[in-house]
Amino acid sequence: MYAFISGKVTEKTPAYVVIDNHGIGYFINITLNTFTAIGEKEEVRLYTHTQILEDAHNLFGFFSQKERDLFELLISVSGVGCNTARLILSSLTVSELSNAIASDDVKTIQSVKGIGAKTAQRIVIDLKDKLKKIDIQPEIFSAPNNTIRTEALSALTILGFNKAAIEKALDKILKQQPDASVEALIKEALKIL
């Protein structure tokens, strides 16, 4: 129905925003990743998906088109509704989820609260080929980073941190500091976690 909505952010929580567009306040459900991307911005453009139910019309908004495209792919999977897809995209970034699907990493998807083994497997099976069609390419880090990343992941897991949170933090750090040592990576991750 709506491709995107632009306007002034009048209300913002981790679950939704209200955007004033020419005097109309649109209540839009968002993911945590979109909430983070909006930050302190006063004016935003959110790419939207409209869900029409018997008793409600719901808008879901995303900071990037790729996040919206991935959301729409997720809801095409049997057993995955809009709220489940939003939960998945709140727990994993677009690149983390696309990497997990491309590499048959069911455990990463299953690490999302409420996602069981069967649903995670169905997501991987149903979406692996579809990801290529909408041009969401997984981000593969170079071999040296994979070794450093794996060592840092192992060390932080032993310290008791959540694996999905660790991976998100490590990927963020590696994008900013691709040549970081294991020690530097762990220190930076501890600041985030």
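First things first, this report covers the structure right here in the doc. All figures in this text were calculated on a predicted structure; none of them were measured in a lab.

### Some details on the nonpolar core
Okay, step 1: Counting residues in hydrophobic clusters, the biggest one holds 27 residues, and the most contacted among them are L74, I88, L97, I109 and I123.
Okay, step 2: Contributions of two or more residues to this core are made by β5 (57–62), α2 (65–75), α3 (82–91), α4 (94–102), α5 (106–110) and α6 (117–133).
Okay, step 3: No other element matches α6, which puts 5 residues into this core.
Okay, step 4: For I88, the contacting residues outside a window of four places in its chain are L74, L97, V112, I115 and I123.

### A look at the sheet that holds strand β1 (residues 4–12)
Okay, step 1: The strand order β1-β2-β3-β5-β4 describes a closed barrel built from 5 strands, whose pairing is mixed. Sheet twist, expressed as the average angle between the axes of neighbouring strands with direction ignored, equals 55 degrees.
Okay, step 2: Relative to strand β3 (residues 24–30), strand β2 (residues 16–21) runs antiparallel, the two being bridged by 6 bridges. Along β3, the bridge assignment pairs Y16 with N29.

### With respect to the pattern of salt bridges
In a structure, side chains of opposite charge can pair up when their charged atoms sit close to one another.
Okay, step 1: Going through the model one piece at a time under the given rule, you end up with 3 salt bridges.
Okay, step 2: In this structure, D104 and K128 form a salt bridge, with 3.0 Å as the shortest nitrogen-oxygen distance. One end of the pair, D104, is in the loop between α4 and α5; the other, K128, is in helix α6, with 24 residues separating them in the sequence.
Okay, step 3: With relative accessibility at 43%, the residue D104 sits in the partly exposed group.
Okay, step 4: Between E188 and K191 there is a salt bridge whose closest N-O contact spans 3.2 Å. Of this pair, E188 and K191 both sit in helix α9 (residues 182–192), 3 residues apart, roughly one helical turn.
Okay, step 5: In this structure K191 comes out as exposed when scored by relative accessible area, which is 63%.

### Some thoughts on the side chain of E167
Okay, step 1: Tracing the chain through its elements places E167 in helix α8 (residues 163–176).
Okay, step 2: Despite its burial, E167 pairs with no opposite charge, the nearest such side chain being K163 at 4.1 Å.

### Notes on the environment of L127
Okay, step 1: Note that L127 resides in helix α6.
Okay, step 2: Under the relative-accessibility criterion, L127 is labelled buried at 0%.
Okay, step 3: In sequence terms L127 and L59 are 68 residues apart; their C-alpha atoms lie 23 Å from each other.
Okay, step 4: For L127, the contacting residues outside a window of four places in its chain are L73, L74, S76, V77 and I101.

### Concerning the pairing of strand β4 (residues 43–52)
Okay, step 1: The element β4 is extensively covered by neighbouring structure, given that 7 of its 10 residues are classed as buried.
Okay, step 2: Direction of pairing for β1 relative to β4: antiparallel, over a ladder of 5 bridges. By the bridge assignment, S6 is partnered in β4 with R45.
Okay, step 3: As defined by bridge partners, β4 adjoins β5 across 6 bridges and the pair is classed as antiparallel. Bridging from a neighbouring strand, T50 pairs with L59 of β5.

Here is what the cut-offs are and how they apply
- Counting of residues starts from 1 at the beginning of each chain's written sequence and follows it residue by residue.
- Totals for whole chains, interfaces and linings use every residue, but because this is a predicted model, local features are given only for residues with pLDDT of at least 70 and side-chain atom pairs only at 80 or more, for both listing and counting.
- Computation of side-chain values: all heavy atoms of the structure, hydrogens and water removed.
- Among buried residues, those of type Ala, Val, Leu, Ile, Met, Phe, Trp, Tyr and Cys that are joined through side-chain atoms within 4.5 Å constitute a nonpolar core.
- When a residue's accessible area, from a 1.4 Å probe over protein chains only, is under 20% of the maximum for its type it is buried; when over 50% it is exposed; and in between it is partly exposed.
- Strands are runs of DSSP state E lasting at least 2 residues, helices are runs of H or I lasting at least 4, and numbering of each runs from the N terminus.
- Residues count as neighbours in contact if any of their non-hydrogen atoms are within 4.5 Å of one another.
- One requirement defines pairing of two strands: DSSP has to find at least two bridges between them.
- Lines fitted to the C-alpha atoms define the axes, with helices restricted to the stretch that makes contact. Angles between their N-to-C directions range from 0 to 180 degrees.
- Salt bridges are defined as contacts in which a side-chain nitrogen from Lys or Arg sits within 4 Å of a carboxyl oxygen from Asp or Glu.
- For the charge count, each Lys or Arg is scored as positive and each Asp or Glu as negative, with His and the chain ends excluded.

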